Every structure is written in structure tokens, then in C-alpha cells.
Amino acid sequence: MPAFTTIRIVDTHTGGEPTRLVLEGGHDLGGGPLSERVRLFQDTLDRFRSAIVGEPRGSDVFVGALLVEPHDRACQFGVIFFNNVGYLGMCGHGIIGVIVALAHLGRLKPGLVKLDTPAGVIVAVLAADGMVTFDNVPAYRREKDLPIYLPGVGDVNCDLAWGGNWFCVINDHHQRLELDNVAQLTDYCTRIRKAVADSGFPEIDHVALFGPGTKPGSSSRNFVLCPGGAYDRSPCGTGTSAKLACLAADGKLLPGTEWVQEGIVGSTFRAKYRKQGDKIVPTITGTAHVMGEGTLLLDPADPFAWGIR
């Protein structure tokens, strides 16, 4: 019988958005900075990514998190995030999912934890009740009210902002932010992303629409289209960070003031920020739930062992 490749995983969801943490079975990427290791992963081992999160084992919604040794020795863990089409510098819901998964496994206790990521060091606190609060990488707005021409619609004004990933942030979109309207929202955001790329910003791979909140205490509701075409079920930690950067730049949210971000499925993150020079440091709070733990098997005789590519 052929020898199977075995990969040990823990699956969580954060506000409805799944994270698949890879504990064992990943390839050795060396000990360099995580920004270098993610490039090595992409250049030489990309089929491993698609095997973990792609069909038939995964789906477009899954975000993978490869647990690695940190480069920064002040960190307890290192993590590389990836999805159905590529790699993420940071992932807010993924950070929460990784911490909750490690606590479930007995590898973390409530208190301070530092994680090394390709985008920088993330400092987090795990509370006794399972809530996770983390300081994201510094966020900032790059463009304000950039007019993007959308055929059949006209000019749409958007902000371009960094929150650990690049976002096109749109507040005035005339779209209905409801779960039963996901197909229309996905089409709209896909066309926006193409128009932004055609305007000279191909690195902007997330699109986030914001509107009024629908739950008591909610500051806003959003719809976030991820690079691979799936929408974020969570309120999106990096997207919330990009939104805070825009609010801060416009003087519409003061440092330390709480912002409750509601996602399209109704889950929420609590957020605030502090100033750091001309940027902000967002703080995000949320929790995750463990869905399962087990072993993935890669059969060399399986034509789709490395995913459907």
C-alpha cells in the first residue's frame, strides 16, 4: 500500500469564518523571517496550501494557518496564513482562531501571547472566558475618496487602506448589506476590485462595504470580499482595522473609543485604536470556537491529493 502523507489539524471558526490550523505535517521552511518563509512556501510548496484548504478537503471559505517556529524570539509561536488562492500577510479572525485552538490543546493558558506573522509581531491576550484581544499591525489610509468608474454605475468613491491586508473601503455604495443579497454583493465587489486594479492598484485584493449596524450596540455592518472570491463570514479583523484607519484620518473616531463591527452573518468584533505617529494601532476583540481536530491524509494515488487546481 502507498504511504500516506499525514497532516494534523484543528479547525475553528471565528464569528462563522473557519480557520484550519496545521500543527504537524507541514514542510520545513527554515528559520528566517516569516516574510521570507512565506515566499519560500509560495515558490516551492504551493501545492501544500491547496491540499489543506482547497477542495475536496476544504472550501473557498477556509483560511489555513501553518504553525511554525517564530523568528522573533520574543514570540511563543509563528504562523503563516493562506487561503484558496494565495497567502495573507495577516488575518484577524485567524489570529483569534489560532489562539483559541492552542488553548484547547493545552498549549496556551490565559494571559499574554505573542505571535510572529509575515506582517509583523502580534501581541494578544487570552482571557479566562475565551475572549481574545490583540493589537494588530499599524494601519493607515493610503487614498481618500478615490473615484473608481464602474460600468453601469458610474464613479464610486473609495478609500484605499492597509489593515494587515490591502482594502478598498466603500461607504456610499447603495447596496443592501443582507445575507440573502450575497450574490449581488459578491458581483458588485468583484467588479469594484477589477476596476481598482485597472486604475493602477492591483495590490488591493480585498473589498469592504460598510453600512449601518443592525444589532443593538453595533456601530456598523460590513460585507468583505476576500481575494479568492469568498466573502468573510466574520466582521474581518484586518478589514475592521482598515476602517478604523479611515475613521481616524477623518477625525470621526477618537483614540480609545469603542467601535463595534458587525459582519454580514451578524457576528461582531469590538475594536478601538491608539495613535502611532501618522498611523494607528487597532485593537480587536473576539472569540472563536473549536469545530474539530483530526488528521488529513494525502494519498499519492489520489489525483486530487493536492487539491483541485
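Being a predicted model, the structure only gives us computed values, none of them experimental.

Novice: Would you mind going over the nonpolar core with me for this structure?
Specialist: Considering soluble globular proteins, one finds that nonpolar side chains tend to be buried as a cluster. Formed by 41 residues in total, the largest nonpolar core has its most connected members in Phe81 and Ile99. Of all the elements, helix H3 (residues 92–104) adds the most residues to this core, at seven residues. Among all residues touching Phe81, those that are not within four sequence positions of it are Val63, Gly64, Ala65, Tyr87, Leu88, Met90, Cys91, Gly94, Ile95 and Val98. By size, the runner-up hydrophobic cluster in this structure holds 25 residues, among which are Ile148, Leu160, Phe201 and Ile264.

Novice: Which parts of the structure should I look at to understand H3?
Specialist: Within an α-helix, residues lying three or four positions from one another point in the same direction, as the helix has 3.6 residues per turn. Between its first and last C-alpha atoms H3 spans 19 Å; for 13 residues at 1.5 Å apiece the expected length is 18 Å, and the two agree. Here H3 lies mainly inside the structure; 11 of its 13 residues are buried. Every buried residue of H3 is listed here: Gly92, His93, Gly94, Ile95, Ile96, Gly97, Val98, Ile99, Val100, Ala101 and Leu102. Residue Gly106 follows H3 closely and has a positive phi angle near 80°.

Novice: Would you mind going over the pairing of strand E11 (residues 166–170) with me for this structure?
Specialist: As a general feature of sheets, a regular strand has side chains that alternate between the two faces. Most of E11 sits out of view: five of its five residues are buried. The alternating pattern of E11 places Trp166, Cys168 and Ile170 on one face and Phe167 and Val169 on the opposite face, and all of these are buried. Relative to E11, strand E10 (residues 154–162) is paired through four bridges, and the arrangement is antiparallel. Bridging across to E11, Asp159 finds its partner in Val169. What sits between the antiparallel neighbours E10 and E11 is a turn of three residues, in which Gly164 has the positive phi angle 110°.

Reading guide: rules and limits
Residues numbered from 1 in each chain as written. Predicted model: local features only at pLDDT ≥ 70, side-chain atom pairs only at ≥ 80, totals over all residues. Heavy atoms only, no water. Core = buried A, V, L, I, M, F, W, Y, C linked by side-chain atoms within 4.5 Å. Buried < 20%, exposed > 50% of the residue type's maximum accessible area, 1.4 Å probe, protein only. Helix = DSSP H or I, 4+ residues; strand = E, 2+ residues; numbered from the N terminus. Contact = heavy atoms within 4.5 Å. Expected span 1.5 Å × (residues − 1). Pairing = 2+ DSSP bridges.

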